[in-house]
Structure formats: C-alpha cells, structure tokens
Amino acid sequence: MTEVETDLYSIKDKMYAAADCIIFGFDSGKLKLLVFKRRVEPLKGEWSLIGSFVRLEEDVAEAAKRVLKEITGLENVFMEQLKAYGRASRDPGYRCLSIAQYALIRISEYDEELVEKHGARWYDIGAVPDLVLDHNWMVQDALERLKQKARYQPIGFELLPEKFTIPQLQKLYEVIYQKELDSRNFRKKLLSLKVLIKLDEKDKANSRRGAFLYKFDYETYHKLEKSGYNFEIS
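Predicted, not measured: the structure shown is a model, and the values here were computed from it.

*Asks:* I would appreciate a short explanation of the confidence of the model for the protein chain in the present structure.
*Replies:* Reading fine detail from the predicted coordinates is not recommended where pLDDT is low. In this model, the protein chain carries a mean pLDDT of 92, and residues with pLDDT of at least 70 account for 98%. Of all the helices and strands in the protein chain, helix α7 (residues 218–226) carries the lowest mean pLDDT, 86, while strand β6 (residues 96–104) carries the highest, 98.

Right under this line is the structure:
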C-alpha cells in the first residue's frame, strides 16, 4: 500500500506579499518623505507609504523598483531592503506580509507631473501625517537604518544634486544624525577622506563670495573600498 502524496501548496492557507517603499528626498535643508493617499479599502483615503502587491512573476526587489518608477519616473537610484513586517493583524483587509524597501532620490530629478498624477506629496520628515497600518514603524526603522549606514558608507550623497557645497553636505548629515556638527571639524574630516572633487564653480545663492561646488568621486571611492577603506564621516 503506497502513501498518497499530498500537494501542500494547494491546500495550505494563502497570503499576499507587498513591497512598501520609504522614499526619502532632501530639499531646502530638510529631509523629506514621499507619501500618498491610499486608493483601496480598507482605510481608503488615509495617508500611506507608496507600495504594491508583489506580482507572481516578480522578485520583491523588482516590485519595489516598479513602484518607484511608476510614481517618480526614476530608475537606477539607491534602494535597499529594510526588513519584513509580518504581524498577523497588520492589515485588516487580508493576511499580508510586507517587505519594506527604502530609497534615496534627488528631488530635482523626479517627474513632478507623475507624482501629482498619483496624488503623492512630499512632507518634511518632522511633519509627516499619521500613516496607515504599520507604516509609521517602517519610517522610523528606515530613519534609523539611514542614520547607521550614513556613518560608514557615502549614501548621503544620493540625496544631493551632482554638484554641492560643503555647507549643504553638512546640513544633510546634521538632518540625518539629528544633531549639529562643528563646521571646522566636519570640513577637515570630509576633505581628509579624499573622495571629493573640487570644481572651479561657486554657489552664490547665499553670499556674494559664494561657496565652492564639489562632486563626489565615486571611482576613487570604489577603488578605496576594495582595499578595505572605511568611509566614516563622524
């Protein structure tokens, strides 16, 4: 007598998988978050992170990239998986596991019309409205990851325009670290890392004398990284 094989895939409970994106930008000295009003019940019309169910033929990372492109028009930006959120009660609509991803984009490069079309809006990180489900937790976890990662990897440059001043860079890191940094020590430390290219251009938006513009030297950084270089900015 042979044992009848059971197809567990066909009889076990099913659940959805979602990719939720925490999309950060930096503008006018402020760290910002892109959110939109949820389009489906339950909680339709409430503020939410931007996300989507993962399609059967997609990898989770591909789903997140699709969401980002659909909303902002951007591709090939910094995006990293944060963590999975799987409380059984997290979504009153149906059992759903969310794999959160956080992205860093240059606000000057996104498609404004596309963002408006989807009803999305940028909020200063300190003024983000209450979000649905466990999205508030996701944002806090992403902020902590950004803070930790920015100490040892140059991901902060992903939020800046290609050309930037040292004061602009300092302001960005002050926002990420949530503390003031000594200007003289910051400049000294930054220049000692030897990964900035000084340009023969100045930003005169804030003073007649102006501040020199710089570019991040990704080629030099990657060479140093392979040799065990540690990018520690504070």
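*Asks:* Explain the pattern of salt bridges to me, please; I cannot follow it from the model alone.
*Replies:* Between side chains of opposite charge, a pair can form when the charged atoms approach closely. Applying the stated criterion to the full structure yields 11 salt bridges. Among the ionic pairs, Arg145 bridges to Glu80, the shortest N-O distance being 3.2 Å. In this pair, Arg145 is assigned in helix α4 (residues 135–150) and Glu80 in strand β5 (residues 78–85), connecting sequence segments 65 residues apart. Judged by its relative accessible area of 19%, Glu80 is buried. A salt bridge links Lys83 to Asp141; its shortest N-O distance comes to 3.7 Å. Taken together, the residues span a long stretch of sequence, with Lys83 in strand β5 and Asp141 in helix α4 at a distance of 58 residues. A relative accessible area of 27% places Asp141 in the partly exposed class. Connected via shared salt-bridge partners are Glu58, Arg66 and Glu70.

*Asks:* When you look at the packing of aromatic side chains in this model, what are you seeing that I'm missing?
*Replies:* By convention here, two paired aromatic rings are described through the distance between centres and the angle between planes. Tallied over the entire structure, the rule returns 11 aromatic pairs. Taken together, a centroid distance of 5.8 Å and an interplanar angle of 50° make the contact between Phe216 and Tyr221 tilted. You'll find Phe216 and Tyr221 in the same group, each marked buried. Chaining the aromatic ring pairs together yields one cluster made of Phe157, Phe164, Phe216, Tyr218 and Tyr221. Seen from the ring of Tyr177, Arg151 lies directly overhead, with NZ or CZ sitting 4.6 Å from the centre. For the cation-ring pair, Lys198 lies above Phe212, with the distance from its terminal atom to the ring centre recorded as 4.2 Å.

*Asks:* Sorry if this is basic, but what is going on with the environment of Leu159 here?
*Replies:* Along the polypeptide, Leu159 turns up in the loop between α4 and α5 (166–177). Separated by 27 residues in the primary sequence, Leu159 and Val132 place their C-alpha atoms 26 Å from one another. Discounting chain neighbours no more than four positions away, the residues touching Leu159 are Phe24, Gly25, Phe26, Leu31, Leu104, Ile105, Arg106 and Leu172.

*Asks:* Please explain the nonpolar core as it appears in this structure.
*Replies:* For soluble globular proteins, the rule of thumb is that nonpolar side chains tend to be buried together. Counting 45 residues, the largest nonpolar core has Ile22, Phe24, Phe157, Leu169, Tyr173 and Phe231 as its most contacted members. Sorting elements by how many residues they give to this core places α5 first, with seven residues. Among the nonpolar cores identified, the runner-up in size contains 20 residues, and Ala103, Ile105, Ile107 and Ala120 belong to it.

*Asks:* Teacher, can you tell me more about a positive patch on the surface here?
*Replies:* A contiguous patch of positive charge, built from Arg187, Lys198, Lys202, Lys204 and Arg209, is present on the exposed surface. One can find Arg209 in the loop between β8 (196–203) and β9 (211–216).

*Asks:* Quick question: what am I supposed to make of the packing of α4 against α5 here?
*Replies:* When two helices pack together, their arrangement is captured by the angle between the axes and the distance separating the axes. Where α4 contacts α5, the two axes come as close as 9 Å, and the packing angle between them is 130°. In terms of orientation, α4 lies oblique with respect to α5. In terms of crossing hand, the pair formed by α4 and α5 is left-handed. Residues Leu146, Lys147 and Ala150 of α4 form the contact with α5, whose own contacting residues are Tyr173, Ile176 and Tyr177. Grouping the amino acids of the contact of α4 with α5 by side-chain chemistry returns five nonpolar, no polar and one charged.

*Asks:* Would you mind showing me how to read the environment of Tyr16 here?
*Replies:* Along the chain, the position of Tyr16 falls in strand β1 (residues 16–27). Along the backbone, Tyr16 and Cys96 are 80 residues apart, and their C-alpha atoms lie at a distance of 4.6 Å.

About the thresholds
- Residues numbered from 1 in each chain as written.
- Predicted model: local features only at pLDDT ≥ 70, side-chain atom pairs only at ≥ 80, totals over all residues.
- Heavy atoms only, no water.
- pLDDT = per-residue confidence, 0-100.
- Helix = DSSP H or I, 4+ residues; strand = E, 2+ residues; numbered from the N terminus.
- Salt bridge = Lys/Arg side-chain N within 4 Å of Asp/Glu carboxyl O.
- Buried < 20%, exposed > 50% of the residue type's maximum accessible area, 1.4 Å probe, protein only.
- Phe/Tyr/Trp six-rings, centres within 6.5 Å; stacked < 30°, edge-to-face > 60°.
- Lys NZ or Arg CZ within 6 Å of the ring centre and 35° of its normal.
- Contact = heavy atoms within 4.5 Å.
- Core = buried A, V, L, I, M, F, W, Y, C linked by side-chain atoms within 4.5 Å.
- Patch = residues over 30% accessible without salt bridge, like charges linked within 9 Å, V, L, I, M, F, W, Y side chains within 5 Å.
- Areas by Shrake-Rupley, 256 points an atom, 1.4 Å probe, with all protein chains shown as cover.
- Lys, Arg positive; Asp, Glu negative; His and termini not counted.
- Charge placed at Lys NZ, Arg CZ, Asp CG, Glu CD.
- Axes fitted to C-alpha atoms, helices over the stretch in contact; angles between N-to-C directions.
- Parallel < 35°, antiparallel > 145°, perpendicular 65-115°, else oblique.
- Left-handed = near helix turned anticlockwise from the far one by under 90°.
- Nonpolar A, V, L, I, M, F, W, Y, C, P; charged D, E, K, R; others polar.

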